[in-house]
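# Survey of secondary and tertiary structure
Residue strings, one per chain:
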Amino acid sequence: MKVRECYERALGFVPEGTADAALEDYVVDWANQILADTFEAENAIRRAAGEAALSEPLTVSSPEDEIPYHEILTAKAFPYGMARWIFRDEEDVSGSREYYSLYVAAIAEATPYTVSAVLDIYG
């Protein structure tokens, strides 16, 4: 998914006429913030798929750039994360909180877990 596509999906959550056209100037910054926020989730997805983990968050530089994380994460979480920033910019605190909650839930849903032994250090 491209950054612009993510932004367009996020706009679908916003009531018509709420978002200012000037917000498009911020989509790359928002995408990079979301990339940093979801870094650990992306690495969990990579480890579960047998891929090498990233050493630092990847970034984008243009609205036409592909978001460089797995589709399960970008399709589920990124539009909610971007909608959060749109509502926040419009000073709609309740909308921002609602979409932040959806964003966090989508990250958790997309992130695989691994089963491992637990070391009991108290026993």
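First, a word on what this report is: a plain description of the structure on this page. (Residues numbered from 1 in each chain as written. Predicted model: local features only at pLDDT ≥ 70, side-chain atom pairs only at ≥ 80, totals over all residues. Heavy atoms only, no water.)

## So, the overall build of the protein chain
Of the regular secondary structure elements, the protein chain holds six helices and zero strands. Oriented by its inertia axes, the alpha-carbon framework of the protein chain measures out at about 60 × 30 × 20 Å. For the protein chain, with 123 residues in total, the buried portion stands at 36%. Partitioning the contacts of the protein chain with sequence separation of at least 6, the portion at a separation of at least 24 is 68%. Of the roughly 7,400 Å² of accessible surface on the protein chain, a fraction of 50% belongs to carbon and sulfur atoms. (Helix = DSSP H or I, 4+ residues; strand = E, 2+ residues; numbered from the N terminus. Buried < 20%, exposed > 50% of the residue type's maximum accessible area, 1.4 Å probe, protein only. Contact = heavy atoms within 4.5 Å. Areas by Shrake-Rupley, 256 points an atom, 1.4 Å probe, with all protein chains shown as cover.)

## A short note on helix 3 (residues 39-48)
Of all 10 residues in helix 3, seven are buried, a share of seventy percent or more. Along helix 3, the residues classified as buried are Phe39, Ala41, Glu42, Asn43, Ala44, Ile45 and Arg46. Those residues of helix 3 that are buried lie in contact with helix 2 (27-37), helix 4 (71-76) and helix 6 (93-110). Two residues or fewer past helix 3, Gly50 is found with a positive phi of approximately 80°.

## Comments concerning the side chain of Arg84
Position of Arg84 among the secondary structure elements: in helix 5 (residues 78-89). Not counting residues within four places of it along the chain, the set of residues in contact with Arg84 comprises Ser96, Tyr99 and Tyr100.

## As for helix 1 (residues 3-11)
Among the residues making up helix 1, those that are buried are Val3, Cys6, Tyr7 and Ala10. Viewed along the axis of helix 1, the buried residues span an arc of 100°, placing them on a single side of the element. (Arc of directions from axis to C-beta.)

## Here's the deal with the pattern of salt bridges
Taken as a whole and assessed by the stated rule, the structure comprises four salt bridges. The salt bridge partner of Glu64 is Arg4, with a shortest N-O separation of 2.5 Å. Taken together, the positions of Glu64 in the loop between helix 3 and helix 4 and Arg4 in helix 1 put the pair 60 residues apart, joining distant regions of the chain. You can call Arg4 partly exposed: its relative accessible area is 26%. For Glu109, the salt bridge identified is with Lys76, shortest N-O distance 2.6 Å. (Salt bridge = Lys/Arg side-chain N within 4 Å of Asp/Glu carboxyl O.)

## Let's talk about a nonpolar patch on the surface
The grouping of Leu119, Ile121 and Tyr122 at the surface amounts to a nonpolar patch, some 470 Å² of accessible area in total. What makes Tyr122 exposed here is its relative accessible area of 77%. (Patch = residues over 30% accessible without salt bridge, like charges linked within 9 Å, V, L, I, M, F, W, Y side chains within 5 Å.)

By themselves, these are just geometric observations and shouldn't be taken as functional.
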